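Each chain, written out:
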Amino acid sequence: VTLTVTNASGSNTKSVDNYITGNEIIREYCGSKGSAAEEWIASVSLGALIQNSGSSGTTGYEDFTAVEFSAESGQSPAFKLTPAFSKNPRTQFWRIWIDYNGDSDFDDTGELVFTSSLTSSPVSGTFVIPQGLNLTTRMRVAMKRGALPVLCETFTQGEVEDYTFRILAPVPEPPVAEFTAEKTNITIGESVLFTDLSQNEPTSWQWSFPGGSPSSSYEKNPKVSYNLPGEYDVTLEAGKDGFTPSKKIKYKFII
């Protein structure tokens, strides 16, 4: 820090090196655990990755953050949670949380992504990852006997596991042109509504309607009339920035 003071007689400067120390705020996830002597999480699978594990005993918690599950934002990955028992199976509740905004907690809206019904069997399902995310964060899986697990608790029967979860930005894919029409067998002078069915979110459309009116269009879902008898081809080119347009031709599509 440097201070310079000045008056009518002149000025004077005082500097002090390393005067202010800034300490990084380290946020930590809250602790949660059960007791896995009688029941525990045997495996967690998500997408193509399966993590098998044994009992953590009375510790009731496993830090598996060295294991990284991943999925793209906007996707709905499938998962399966499997329990194990040292004695007869007991009924369990399951929950999954994901820290979607990376603030080291699971308290925000939408971060509880799955809650099961009471069961002693494996459970499976999907959850939707919000659009527009690109970060590495944490996923928590909790299994608790007889009652719903809640955040940051210590309970008597069950287990908690933490994983690293990497959310990837979607990889852009080229458009794939496809379309349909409300009808393909028409009377003379009748209009036909064409509907774009192209995949991977094209941003431009170039239609060709030989014999139709209009004979071309840049609308996504154009309407065209045919005033003479015949069999008419229809062509659609679906475009997207950074990719070669995709062309789809349907021959003698309109009769």
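Cut-offs applied
Residues numbered from 1 in each chain as written. Predicted model: local features only at pLDDT ≥ 70, side-chain atom pairs only at ≥ 80, totals over all residues. Heavy atoms only, no water. Helix = DSSP H or I, 4+ residues; strand = E, 2+ residues; numbered from the N terminus. Buried < 20%, exposed > 50% of the residue type's maximum accessible area, 1.4 Å probe, protein only. Patch = residues over 30% accessible without salt bridge, like charges linked within 9 Å, V, L, I, M, F, W, Y side chains within 5 Å. Areas by Shrake-Rupley, 256 points an atom, 1.4 Å probe, with all protein chains shown as cover. Salt bridge = Lys/Arg side-chain N within 4 Å of Asp/Glu carboxyl O. Core = buried A, V, L, I, M, F, W, Y, C linked by side-chain atoms within 4.5 Å. Contact = heavy atoms within 4.5 Å. Phe/Tyr/Trp six-rings, centres within 6.5 Å; stacked < 30°, edge-to-face > 60°. Lys NZ or Arg CZ within 6 Å of the ring centre and 35° of its normal. Pairing = 2+ DSSP bridges.

Draft legend 1. Here's a closer look at unusual backbone geometry. At the junction of Ser213 and Pro214, the peptide bond is cis and its omega measures out at 5 degrees in the coordinates. The residue Asn18 is not glycine, and still its phi comes out positive at about 50 degrees. Of note, the phi angle at Lys252 is positive, near 50 degrees, even though the residue is not glycine. Mapping Lys252 onto the fold places it in strand E19 (residues 243–254). For Lys252, a relative accessible area of 54% translates into the label exposed.

Draft legend 2. Fine view of a nonpolar patch on the surface. Taken together, the side chains of Val1, Val16, Tyr19 and Ile20 present a nonpolar region at the surface, about 430 Å² in accessible area. Among the secondary structure elements, Ile20 is positioned in the loop between strand E2 (10–15) and strand E3 (39–46). By relative accessible area, Ile20 is classed as exposed at 64%.

Draft legend 3. Representation of the nonpolar core. By size, the foremost hydrophobic cluster in this structure holds 25 residues, and its most contacted members are Leu81, Ile96, Phe127, Met139, Val141 and Phe165. Looking at this core, the element that brings in the most residues is strand E5 (residues 61–72), giving 4 residues. Apart from residues lying up to four places away in sequence, Val141 is in contact with Ile41, Val44, Leu81, Trp94, Arg95, Ile96, Glu159, Val160, Glu161 and Tyr163. Within the second largest apolar cluster, 15 residues are counted, among which are Val192, Trp207, Leu236 and Phe253.

Draft legend 4. Quick peek at the packing of aromatic side chains. As enumerated under the stated definition, the model contains 12 aromatic pairs in all. Pairing Phe194 with Phe209 gives two aromatic rings, centres 4.8 Å apart and planes at 35 degrees, and the pair type is tilted. With a gap of 15 residues between them, Phe194 in strand E13 (residues 191–196) and Phe209 in the loop between strand E14 (204–208) and strand E15 (212–213) connect regions that are remote in the sequence. For Phe194, a relative accessible area of 0% corresponds to the buried category. Pairing Trp207 with Phe209 gives two aromatic rings, centres 5.6 Å apart and planes at 15 degrees, and the pair type is stacked. Look at Phe209 and you get buried, because its relative accessible area is 0%. By way of ring pairs, the aromatic residues Phe179, Phe194, Trp207, Phe209 and Phe253 are connected into one cluster. Over the aromatic face of Phe179 sits the side chain of Lys250, whose NZ or CZ is 4.6 Å from the ring centroid.

Draft legend 5. Layout of the pairing of strand E4 (residues 49–52). Across 4 bridges, E3 lies against E4 in antiparallel orientation. Each bridged residue has a counterpart across the sheet, and for Ser45 the counterpart in E4 is Ile50. What sits between E3 and E4 in their antiparallel hairpin is a turn of 2 residues, with Gly47 showing a positive phi close to 65 degrees.

Draft legend 6. Here's a closer look at the environment of Glu62. In this structure, Glu62 sits in strand E5. Judged by its relative accessible area of 18%, Glu62 falls in the buried class. Put simply, Glu62 and Val141 are 79 residues apart on the chain and 10.0 Å apart in space, counted from C-alpha to C-alpha. Beyond its immediate chain neighbours, meaning those up to four positions away, Glu62 contacts Gly54, Ser55, Ser56, Glu159, Val160, Glu161 and Asp162.

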